[in-house]
Amino acid sequence: MQTLYDILVWIHIACWAAALILWAVSLKAPRVPKGMAHAVATALVIGIVLTGIGSASDEVHDPNNAKVAVKLVIAAVATALAFMKQKLPAPNPWGHVVAALVLVNVVIAYAWR
């Protein structure tokens, strides 16, 4: 179970990184790229799965439920905004808002121990 958990953690991190990279690529014409919305949604789902594995398995440490709740709310808002605002025309500042939420989520992941 630990191996599956570790693989999912790396996929989870890759999804957050992909969201930020796609945002950085679209900086010349600010918008919410479709790939960014999918990357954030995938990271949200994998985060929920990781929490379930951590809670259910004896091999994996139990998650900090307060941290998970805060990260879940931020990821859900980022996912909703990404999907709702991706069809707006090119000068779309919502991409910056979604990227900021992703960065906040990443900082919480590493700073809150």
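See the structure shown above.
These notes cover the structure that comes with them. For clarity, every value in this text was computed on a predicted model and none was experimentally measured.

**Description of the layout of surface pockets**
Turning to step 1, where the next piece is worked out: Counted as a void, the largest pocket has a volume near 840 Å³.
Turning to step 2, where the next piece is worked out: If you trace the largest pocket, you find 28 residues lining it, with Tyr 5, His 12, Lys 67, Lys 71 and Ala 109 closest to the centre.
Turning to step 3, where the next piece is worked out: The set of elements that each furnish at least two residues to the lining of the largest pocket consists of helix 1 (2-25), helix 2 (34-56), helix 3 (65-85) and helix 4 (94-111).
Turning to step 4, where the next piece is worked out: Along the lines of polarity and charge, the residues of the lining of the largest pocket split into 17 nonpolar, seven polar and four charged.

**Brief notes about the nonpolar core**
Turning to step 1, where the next piece is worked out: Of all hydrophobic cores here, the largest spans 17 residues; its most connected members are Trp 16, Ala 19, Met 36, Val 40, Ala 82, Val 98 and Val 102.
Turning to step 2, where the next piece is worked out: It is helix 2 that provides the largest number of residues to this core, a total of six residues.
Turning to step 3, where the next piece is worked out: Ala 82 has contacts with Val 32, Ala 37 and Val 98, leaving out every residue within four places of it along the chain.
Turning to step 4, where the next piece is worked out: Listed in part, the six residues of the second largest apolar core include Tyr 5, Ile 46, Leu 50 and Ile 53.

**Focus on the packing of helix 1 against helix 2**
Turning to step 1, where the next piece is worked out: Contact pair helix 1 / helix 2: the axes reach a minimum separation of 8 Å and the direction vectors enclose 155 degrees. Judged by the angle between their axes, helix 1 and helix 2 are roughly antiparallel. The crossing of helix 1 and helix 2 is left-handed. For the pair formed by helix 1 and helix 2, the contact residues are Leu 4, Tyr 5, Leu 8, Val 9, Ile 11, His 12, Cys 15, Trp 16, Ala 18, Ala 19, Leu 22 and Trp 23 on the first element and Gly 35, Met 36, Ala 39, Val 40, Thr 42, Ala 43, Ile 46, Gly 47, Val 49, Leu 50, Ile 53 and Gly 54 on the second.
Turning to step 2, where the next piece is worked out: Partitioned by chemical class, the residues of the contact of helix 1 with helix 2 number 19 nonpolar, five polar and no charged.

The rules behind each value
Residues numbered from 1 in each chain as written. Predicted model: local features only at pLDDT ≥ 70, side-chain atom pairs only at ≥ 80, totals over all residues. Heavy atoms only, no water. 1 Å grid on protein atoms, 1.4 Å probe; cavity = no way out; pocket = protein on both sides within 12 Å on 5 of 7 lines; lining within 4 Å. Points joined across faces, edges and corners; volume = space filled by probe spheres on them. Helix = DSSP H or I, 4+ residues; strand = E, 2+ residues; numbered from the N terminus. Nonpolar A, V, L, I, M, F, W, Y, C, P; charged D, E, K, R; others polar. Core = buried A, V, L, I, M, F, W, Y, C linked by side-chain atoms within 4.5 Å. Buried < 20%, exposed > 50% of the residue type's maximum accessible area, 1.4 Å probe, protein only. Contact = heavy atoms within 4.5 Å. Axes fitted to C-alpha atoms, helices over the stretch in contact; angles between N-to-C directions. Parallel < 35°, antiparallel > 145°, perpendicular 65-115°, else oblique. Left-handed = near helix turned anticlockwise from the far one by under 90°.

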